[in-house]
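Chain residues, written in single-letter form:
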Amino acid sequence: MQSKLMIGAVVIAALGVTAVGASAKEGGKDRSHRGHHMPAFEMLDTNGDGVVTRAELEAQAQARFDGVDANDDDLISRDEMRAHAEASGNARMAKGVDRMFDRLDANEDGQLSAEEMKPKGDRIGKMLERLDSDADGQISKAEYDAMKEKHANKRAERKAKMFKALDTDGDGSISQEEWDAAKEARGTVKRGEAATQDN
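Residues numbered from 1 in each chain as written. Predicted model: local features only at pLDDT ≥ 70, side-chain atom pairs only at ≥ 80, totals over all residues. Heavy atoms only, no water.

> Just to check I follow, could you spell out the overall build of the protein for this structure?
When you go through the protein residue by residue, the secondary structure sums to 11 helices and 4 strands. Of all 199 residues assigned to the protein, the portion counted as buried reaches 34%. Taking all contacts inside the protein whose residues are at least 6 apart in sequence as the whole, residues at least 24 apart take part in 56%. Summed over its atoms, the accessible surface of the protein is roughly 12600 Å², and 51% of this surface lies on carbon and sulfur atoms. (Helix = DSSP H or I, 4+ residues; strand = E, 2+ residues; numbered from the N terminus. Buried < 20%, exposed > 50% of the residue type's maximum accessible area, 1.4 Å probe, protein only. Contact = heavy atoms within 4.5 Å. Areas by Shrake-Rupley, 256 points an atom, 1.4 Å probe, with all protein chains shown as cover.)

Structure (structure tokens):
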């Protein structure tokens, strides 16, 4: 199920950091892979009671917003977003600030409110529904770990499938020729798609 494969992204979106980015706490660097890093359970379970609730997720989303809102005016400016990205070592996000604002600034006031940055739909509710296997309204560490394991297995399967597709002679390794052929094939597909869109 695609939604389960993207659970890392769902967790991050549920925390309200789709736009802000999930900067790693360690070393000041962004260690996530395109935002699909799954935070540790202990990071989500802020009161340490062994379960994660909607209230904890909502509080963390607000805390992340407040962490970017340097002047505490309940709005995030381009400068604040760029400064946060640079301080986090996230050069990619820093470069994309203008594009992000163009996409999210609904009232075009040059600033982002918590409402504008909130992911569309009830992401927290959907995440709870997916992970909460016993339907008790909260996520236990066992439920979270089970979903992480499923996610890791699916990712491994995708990598194995990709490797098999690249290893055209089946010798268990990818030669430079095979790599170049795959790149060329991908470029041909992209050019074909562009031509189709132009027509």
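> What am I meant to see in the environment of Glu 58 here?
Residue placement: Glu 58 occurs in helix H4 (residues 54–68). The exposure class assigned to Glu 58 is partly exposed, which follows from its relative accessible area of 40%. On a C-alpha basis, the gap between Glu 58 and Ile 124 in space is 7.9 Å, while along the polypeptide they are 66 residues apart.

> It is not clear to me how a nonpolar patch on the surface should be interpreted in this structure. Could you clarify?
A contiguous nonpolar patch, built from Phe 163, Ile 174 and Trp 179 and spanning about 260 Å² of accessible area, is present on the exposed surface. Among the secondary structure elements, Trp 179 is positioned in helix H11 (residues 176–198). (Patch = residues over 30% accessible without salt bridge, like charges linked within 9 Å, V, L, I, M, F, W, Y side chains within 5 Å. Salt bridge = Lys/Arg side-chain N within 4 Å of Asp/Glu carboxyl O.)

> Sorry if this is basic, but what is going on with the nonpolar core here?
If you look at soluble globular proteins, the nonpolar side chains tend to sit buried side by side. Counting residues in hydrophobic clusters, the biggest one holds 13 residues, and the most contacted among them are Ile 76, Met 81, Met 100, Phe 101, Leu 112 and Met 117. Listed by contribution, the elements that provide at least two residues to this core are H4, helix H5 (78–87), helix H6 (91–95) and helix H7 (97–104). With 4 residues, the single largest contributor to this core is H7. Once you skip the residues sitting within four places of it in the chain, Leu 112 turns out to touch Phe 65, Leu 75, Ile 76, Met 81, Phe 101, Leu 104, Asp 105 and Met 117. By size, the runner-up hydrophobic cluster in this structure holds 12 residues, among which are Leu 44, Leu 128, Tyr 144 and Met 147. (Core = buried A, V, L, I, M, F, W, Y, C linked by side-chain atoms within 4.5 Å.)

> Explanation requested: the pattern of salt bridges in the structure shown.
Two side chains carrying opposite charge are able to pair once their charged atoms lie near each other. Inspection of the entire model under this criterion finds 6 salt bridges. The salt bridge partner of Asp 102 is Arg 78, with a shortest N-O separation of 3.8 Å. Residue Asp 102 is located in helix H7, and its partner Arg 78 is located in helix H5; the two are separated by 24 residues in the primary sequence. Its relative accessible area of 26% is what places Arg 78 among the partly exposed residues. With its nearest N and O atoms 3.8 Å apart, the salt bridge here joins Arg 82 to Asp 79. You can see Arg 82 and its partner Asp 79 sitting in helix H5, 3 residues apart, about one turn around the helix. Within the structure, one salt-bridge network assembled from shared partners comprises Arg 78, Asp 79, Arg 82, Asp 98 and Asp 102.

> Could you clarify how one ought to interpret the packing of aromatic side chains in this entry?
How two aromatic rings sit relative to each other is set out by the distance from centre to centre and by the angle between their planes. For the structure shown, the criterion picks out 1 aromatic pair. Look at Phe 41 and Tyr 144: their rings are 5.8 Å apart centre to centre, the planes differ by 55°, and that puts the pair in the tilted class. In this pair, Phe 41 sits in helix H3 (residues 41–44) while Tyr 144 sits in helix H10 (residues 141–166), placing the two residues 103 residues apart along the sequence. The same class applies to Phe 41 and to Tyr 144, which are both buried. (Phe/Tyr/Trp six-rings, centres within 6.5 Å; stacked < 30°, edge-to-face > 60°.)

Function cannot be inferred from these measures alone, as they are strictly geometric.
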